[in-house]
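# Summary of the model geometry
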Amino acid sequence: MPKFEGMMTGAGLKVAIVSTRWNDFIVERLVDGARDALRRHGVAPGDIDVAVAPGAFETPTVARKLAESRRYDAIVVLGCVIRGATPHFDYVAGAAANGAADVAASTGVPTTFGVLTTDTIEQAVERAGTKAGNKGAEAALAAIELVNLCRSIEAGAAGE
Ligand code: INI
């Protein structure tokens with residue numbers, strides 16, 4: 001049965017990463033992981049831009065501006081919301097997730113979500129390049145796959 005798939009080749013892609021100043025000691029590790037994953041899949045370092053939002057709540061605004069600029073093939077939204085740090089956890093995390101999904105749906109620019117939402121700092125550290133991997137790298141790889149999947153659907157190029 002023919003099926004559409006996204007290849008993991010990033011050569012020629014222009015990618016914007018949205019990061020945050022909040023919890024930057026974690027988010028910087030996510031950005032490093034995303035950059036590294038993009039580079040290892042063929043994205044030229046000069047084709048990766050980073051825009052720094054104040055906090056996760058603001059990432060959708062920044063992602064929308066980047067998407068609407070039409071300069072990027074994909075947007076990778078990164079951040080870190082820690083429950084213990086705020087009574088607003090659900091609002092901030094929810095706004096970031098819903099906002100990223102809204103940007104993707106309304107602009108059509110492939111947008112992926114690597115905002116950590118954890119109960120503790122330790123859980124965040126685990127997901128930022130230590131024992132539970134690097135969610136920034138995962139979101140970057142999902143972006144490459146999604147761009148290529150969208151392109152293959154647009155081209156009607158289903159594989160076997
Ligand atoms: N922003 C984050 O990115 N992570 C957090 O853990 C966080 N906490 O704990 O409150 C946080 N709050 C700031 C928020 O994203 C906005 O920047 C702020 O409310 C101003 O609009």
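In what follows, the accompanying structure is described. (Residues numbered from 1 in each chain as written. Predicted model: local features only at pLDDT ≥ 70, side-chain atom pairs only at ≥ 80, totals over all residues. Heavy atoms only, no water.)

## Quick notes on the overall build of the chain
For the record, the criterion: In DSSP terms, a helix is any run of H or I states spanning at least four residues, a strand is any run of E spanning at least two, and both are numbered starting from the N terminus. The atom set for the radius of gyration is the C-alpha atoms, and the globule formula is 2.2 Å times the number of residues raised to the power 0.38. In what follows, residue pairs with any heavy atoms lying within 4.5 Å of each other are defined as contacts. Positive residues here are Lys and Arg, negative ones are Asp and Glu, while His and the chain termini are left out of the count. The atoms used to mark charge sites are NZ of Lys, CZ of Arg, CG of Asp and CD of Glu.
Tallying secondary structure elements over the chain gives 5 helices and 6 strands in all. Seen in sequence order, the chain has helices and strands lined up from the N terminus as β-α-β-α-β-α-β-α-β-β-α. For 160 residues, the compact-globule estimate of 2.2 N^0.38 gives 15 Å, and the C-alpha radius of gyration of the chain, at 15 Å, lies within 12% of that figure. When its C-alpha atoms are laid out on the principal axes, the chain stretches across 45 × 35 × 30 Å. Counting contacts in the chain only where the partners sit at least 6 residues apart, residues at least 24 apart contribute 81% of the total. For the chain, the distance from the average position of its 16 positive side-chain charges to the average position of its 19 negative side-chain charges is 3 Å.

## Brief notes about the packing of helix α2 (residues 59-68) against helix α3 (residues 89-107)
Test applied: Whenever a helix is involved, its axis is fitted only over the stretch in contact; in every case the axis is a line through C-alpha atoms, and angles between N-to-C directions fall within 0 to 180 degrees. Angular relationships are summarised with four words: roughly parallel below 35 degrees, roughly antiparallel beyond 145, roughly perpendicular across 65 to 115, and oblique for the angles in between. Helix crossings fall into two classes, left-handed where the near helix is turned counterclockwise from the far one by less than a right angle and right-handed where it is turned clockwise. Amino acids outside the nonpolar list (Ala, Val, Leu, Ile, Met, Phe, Trp, Tyr, Cys, Pro) and the charged list (Asp, Glu, Lys, Arg) are all regarded as polar, and Gly is one of them.
Running from N to C, α2 and α3 point in directions that differ by 15°, and their axes come no closer than 8 Å. With respect to their mutual orientation, α2 and α3 come out roughly parallel. Read as a crossing pair, α2 and α3 show a hand that is right-handed. For the pair formed by α2 and α3, the contact residues are Thr59, Pro60, Ala63, Arg64, Ala67 and Glu68 on the first element and Ala95, Ala96, Gly99, Ala100, Asp102, Val103, Ser106 and Thr107 on the second. Across the contact of α2 with α3, the residue classes break down as 7 nonpolar, 4 polar and 3 charged.

## Section: a nonpolar patch on the surface
We count it as follows: Patch building starts from residues that exceed 30% relative accessible area and form no salt bridge, then joins like charges within 9 Å and nonpolar side chains (Val, Leu, Ile, Met, Phe, Trp, Tyr) within 5 Å. Accessibility throughout is a Shrake-Rupley quantity obtained with a 1.4 Å probe, and a residue counts as covered only by protein chains that appear here. Criterion for a salt bridge: a side-chain nitrogen of Lys or Arg within 4 Å of a carboxyl oxygen of Asp or Glu. Burial classes follow relative accessibility: with a 1.4 Å probe on protein chains only, a residue under 20% of its type's maximum area counts as buried, one over 50% as exposed, and anything between as partly exposed.
There is a patch of nonpolar side chains on the surface, built from Phe25, Ile121 and Val125 and spanning about 260 Å² of accessible area. Along the chain, Ile121 turns up in helix α4 (residues 121-126). On the basis of relative accessible area, Ile121 is assigned to the partly exposed category, the value being 47%.

## Digging into the sheet that holds strand β3 (residues 74-82)
Heads up, the condition is: Two strands pair under a simple rule: DSSP has to find at least two bridges between them.
Pairing within the open sheet is parallel, and its 4 strands lie in the order β2-β1-β3-β4. The sheet terminates laterally at β2 (48-53) and β4 (111-118), the two strands that pair on one side only. Across the sheet, the mean angle from the axis of one strand to that of its neighbour is 15°, orientation sign disregarded. The sheet contact formed by strand β1 (residues 15-20) and β2 spans 6 bridges and is parallel. Pairing of Ser19 across the sheet is with Val52, part of β2. Strands in contact with helix α1 (residues 24-40) are β1, β2, β3 and β4; relative to β1, the strand with the most contacts, it is inclined by about 165°.

## Topic: the side chain of Thr118
When you line up the elements, Thr118 lands in strand β4. In this view, Thr118 contacts Val81, Ile82, Arg83, Phe89, Gln123, Ala124 and Arg127; residues no more than four positions away in its chain are not counted.

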